[in-house]
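Read off the chains here:
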Amino acid sequence: MTSVVRLSAPAKINLGLEVLGRRPDGFHALATVYQEIALADELEFRPDADLRLEAEGDPTPPGEENLVVRAARALAAAAGIAPRATIRLTKRIPSRAGLGGGSSDAATTLLGLDRLWGTAVGAARLREIAARLGSDVPFFLTGGTAFGHRRGECVHRLPPVPELGLVLIAPYAGLSTPEVFRAGAFALTPPRNCNIMRRFAHYQRTGDGLSELVHNDLQVPAERLLPEIQDWRYRLQGLGATCAALSGSGSAVFGLFPAVEIATRAAGSLRGQARVFATAVVRRDPGAAAARD
Ligand code: C5P
């Protein structure tokens, strides 16, 4: 048996996010382009007699509420074994920010424990378990750039976007995902058509139209709940961002810059007023092995 497995759990932004309608089960039909970024939590998995989670860094939900613990139990149940491991989580991704930190930790736990325990349940089963843990957990099994639809759990890999300067701002106040969806008061109608893939294809083909792709239908309700989000967007644009938008259900805002140096300078001038990260998109070949390494 492997003695220790160490993996990074990356954050994501949503380059674009369309809410296509509200579903009878309380979820919303989405179309989104997920983008893995370099900001990441770290996870370490070791064999033990019981299941234990040791967390350091930013606070995370305790015990059985934590998605890492839920992921470990779900994988063990699927493999028909007892969940025996110590999991060490170093938290760097701000929570309640729309960056998928908890979901990424859960997906990375599935990948890490699959390796540690040698469960070999297979990629399809891992995707099923991931989708039950949360709508954006399956994306983190593969990362890179991907189209997400239905609740966000159906994921198709896309070719990488060009290297871009990326600044991320996480306000000290977070937002609750269900509250942001509720504040959007989306109608219970059959899903409308999505535009996001047409915009993505146009951007990939021509290098134009990034500002049309970068649009988030949750931005209006999120800004109603937390008006400072709008100020951050304007400030990023004032510092040279080609476009700036909310990530997921917020409260984090990202700005995309034409060059890494402009992004680094912009991040430097914003530090101290929120959690500010000068980071980068992670580019992965969609034809490479299915799981993140
Ligand atoms: O799937 P997940 O557990 O991450 O979703 C958290 C909450 O966000 C859901 O309970 C729901 O209120 C909202 N949500 C939604 N539509 C989605 C994804 C999430 O309404 N597609």
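Small disclaimer: the values here were computed from a predicted structure and weren't measured.

A. Layout of the site of the ligand. Residues in contact with the ligand, as listed here, are G26, F27, H28, L30, G134, S135, R151, T177, P178 and F181. Within the contact set of the ligand, an oxygen atom lies 2.5 Å away from a side-chain nitrogen or oxygen of S135. A distance of 2.9 Å is found between a nitrogen atom of the ligand and a backbone nitrogen or oxygen belonging to R151. Relative to its unbound accessible area of 450 Å², the ligand is 71% covered by the protein chains. Of all the secondary structure elements, the ones that give two or more residues to the shell around the ligand are β2 (28-46) and α5 (177-184). Broken down by element, the shell around the ligand gets its largest block of residues, three residues, from α5. For the shell around the ligand, the residue count by class is four nonpolar, five polar and one charged.

B. Inspection of the sheet that holds strand β10 (residues 275-280) at higher detail. Pairing within the open sheet is antiparallel, and its four strands lie in the order β8-β9-β7-β10. Each end of this open sheet is capped by a strand with a single partner; those strands are β8 (243-246) and β10. Pairs of neighbouring strands in the sheet enclose a mean axial angle of 20°, with direction left out of account. Examined bridge by bridge, β8 and strand β9 (residues 253-257) share four bridges and lie antiparallel to one another. What sits directly across from A245, in β9, is F254. Across the sheet, helix α9 (residues 228-238) lies against β7 (165-170), β8 and β9, angled at about 10° from β9, the strand it touches most.

C. Representation of the pairing of β9 in the model. For β9, a buried count of five out of five residues is recorded, marking the element as mostly surrounded by other parts of the structure. Counted along the chain from β8 to the antiparallel partner β9, the turn is six residues long, and its residue G248 has a positive phi close to 50°.

D. Focus on the packing of helix α1 (residues 67-79) against helix α3 (residues 123-133). As a packed pair, α1 and α3 sit with axes 10 Å apart at the nearest point and diverge in direction by 140°. Here α1 lies oblique to α3, going by the angle between them. You can see that α1 and α3 cross each other, and the crossing is right-handed. Facing α1, whose interface residues are L67, R70, A71, A74, L75 and A78, α3 presents R125, L126, I129 and L133.

E. Representation of helix α6 (residues 196-206). Among the residues of α6, those classed as buried are I196, F200 and Y203. What you see down the axis of α6 is that its buried residues fit within an arc of 65°, all on one side. Opposite the buried face of α6, by more than 90 degrees, sit the exposed residues R198 and R205. Contacts made by the buried residues of α6 are with β1 (5-22), β2, β5 (145-150), β6 (154-158) and α7 (210-213). Positive phi shows up at G207, right after α6, with a value of about 80°.

Conventions adopted
Residues numbered from 1 in each chain as written. Predicted model: local features only at pLDDT ≥ 70, side-chain atom pairs only at ≥ 80, totals over all residues. Heavy atoms only, no water. Near = heavy atom within 4 Å. Polar contact = N/O pair within 3.5 Å; in protein donor to acceptor, adjacent residues only side chain to side chain. Areas by Shrake-Rupley, 256 points an atom, 1.4 Å probe, with all protein chains shown as cover. Helix = DSSP H or I, 4+ residues; strand = E, 2+ residues; numbered from the N terminus. Nonpolar A, V, L, I, M, F, W, Y, C, P; charged D, E, K, R; others polar. Pairing = 2+ DSSP bridges. Axes fitted to C-alpha atoms, helices over the stretch in contact; angles between N-to-C directions. Contact = heavy atoms within 4.5 Å. Buried < 20%, exposed > 50% of the residue type's maximum accessible area, 1.4 Å probe, protein only. Parallel < 35°, antiparallel > 145°, perpendicular 65-115°, else oblique. Left-handed = near helix turned anticlockwise from the far one by under 90°. Arc of directions from axis to C-beta.

The quantities given are spatial measurements derived from coordinates; they are silent on function.
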